[in-house]
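# A closer look at the structure
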Amino acid sequence: MTRMITVGAAQMGPIAKDESRGQVVNRMIALLDRARRHGCDFVVYPELTLTTFFPRWFIEDETELDQWFEQEMPSNETQPLFQKAAEYGIGFTFGYAEIARDDNGAKHRYNTSILVEKDGRIVGKYRKVHLPGHAEHEPWRRFQHLEKRYFETGDLGFPVFRAFGGIMGMCICNDRRWPETYRVMGLQGVEMVTLGYNTPVENPPAPEHDAVGPFHNHLVMQSGAYQNATWVVGVAKCGNEEGVPMIGQSAIIAPSGEIVAQCHTLGDELAVADCDLDLCKSYKESVFNFAMHREPQHYGLIVERKGAVPPPEG
Ligand code: CDT
């Protein structure tokens, strides 16, 4: 079996608040059509693909909040995407807001992504672990970032999945900034990490970072790829969404850390690359041969301690 996967990074431009899921799915299918013309095996869509980025608004009414979430997947609205992709024999991954019920019927909300094989089967699920932003309404902000209010921390860890002839993993947006994300998957032999993001150009608590936001976007994904000997495919929802500009720069990154394909617009766009999963091998067997070179007996603080504690002064 070939270990070459042709990947389409299916960047999406802004999604308006009043845009229906049906309209969004039509845009996703238009990108899938392009992916098919490019011979793609696998298409990566952004975080919370099906709607506008609703955590930018403070929503008190539970019924209103529920409207942004999916209770089942595939849903009626996403079924045409699953069907078309299976007809084309193309796998895909996308993010959505999930309502899950536990064994007691209690409701849980997650920022979720799924991995779908070429035959339309859901073969993997991930729930976002690193939730950025804040939990309370902060009216001083020009826009809110209420992920800590609307989502629970993911309860699935960072699993990897055998799919597309390789070892696949997922993370979501803010997760990409944390080395632990990639390393936990790296320790399971991951060969391709996919992620979607909604990253506002402005970070209201630290506006001094805004100018270097695009640099940070690529910095973290390229280092995550190289240091874990894996492909990374990062895909934006971007452009001016309801008055909030968001960065683009969707990229496909090789295990060398090099960007091999990148979007250049802030709209719906497909960037394509042939990704040879065997390119991971020489990095996994040399400089990042974990079994040979890691020294975990010195890494205890990473799991024992949450916040930084500087040594006592003087
Ligand atoms: N969606 C998401 O996780 N966005 C964050 C914004 C950080 S500022 C609160 C990101 O890390 O890109």
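Figured I'd write up the structure that's included with this text. Numbering of residues starts from 1 in each chain and follows the order in which that chain's sequence is written. Whole-chain, interface and lining totals are the exception, using all residues; otherwise, since this is a predicted model, local features are given only for residues with pLDDT of at least 70 and side-chain atom pairs are given and counted only at 80 or more. For side-chain calculations, the full set of non-hydrogen atoms in the structure is used, while hydrogens and water are omitted.

## Some remarks on the environment of His 218
- Strands here are runs of E lasting at least two residues and helices are runs of H or I lasting at least four, both read from the DSSP assignment and numbered beginning at the N terminus. Along the polypeptide, His 218 turns up in helix α6 (residues 213-227).
- Sequence-wise, His 218 and Gly 234 are 16 residues apart; in three dimensions their C-alpha atoms are separated by 9.0 Å.
- Not counting residues within four places of it along the chain, the set of residues in contact with His 218 comprises Gln 249, Ala 251, Ile 259 and Gln 262. Only heavy atoms enter the contact rule, under which two residues are in contact if any of them lie within 4.5 Å.

## Some points on the packing of aromatic side chains
- For Phe, Tyr and Trp, rings pair up if their centres lie within 6.5 Å, where Trp contributes its six-membered ring, and each pair is then called stacked (planes under 30 degrees apart), edge-to-face (over 60) or tilted (otherwise). Enumeration over the complete set of coordinates arrives at 13 aromatic pairs.
- Between the aromatic rings of Tyr 226 and Phe 288, the centroid separation amounts to 4.9 Å while the plane-to-plane angle is 80°, which identifies the pairing as edge-to-face. In this pair, Tyr 226 is assigned in helix α6 and Phe 288 in the loop between α7 (279-285) and α8 (290-293), connecting sequence segments 62 residues apart.
- For each residue, the accessible area found with a 1.4 Å probe, counting protein chains only, is set against the maximum for its type, and the residue is called buried under 20%, exposed over 50%, and partly exposed in between. The class for Tyr 226 is partly exposed, based on a relative accessible area of 33%.
- Taking NZ or CZ as reference, Arg 56 lies 5.2 Å from the ring centre of Trp 57, over its face.
- In this scheme, the term charge over a ring applies when either NZ of a lysine or CZ of an arginine sits within 6 Å of the ring centre and within 35 degrees of the ring normal. The ring centre of Phe 290 lies 5.8 Å from the NZ or CZ of Arg 294, which sits over that ring.

## Notes on the sheet that holds strand β7 (residues 166-172)
- For two strands to be treated as a pair, DSSP must find no fewer than two bridges joining them. Spatially, β6-β7-β8-β9-β12-β13 is the arrangement adopted by the 6 strands of the open sheet, whose pairing is mixed. Sheet topology places β6 (160-163) and β13 (259-262) at the edges, where each strand pairs with a single neighbour. Across the sheet, the mean angle from the axis of one strand to that of its neighbour is 20°, orientation sign disregarded.
- As paired elements, strand β8 (residues 192-197) and strand β9 (residues 231-236) share 6 bridges and run parallel to each other. Geometry is summarised by axes, namely lines fitted to C-alpha atoms with helices restricted to the contacting stretch, and by angles between N-to-C directions that run from 0 to 180 degrees.

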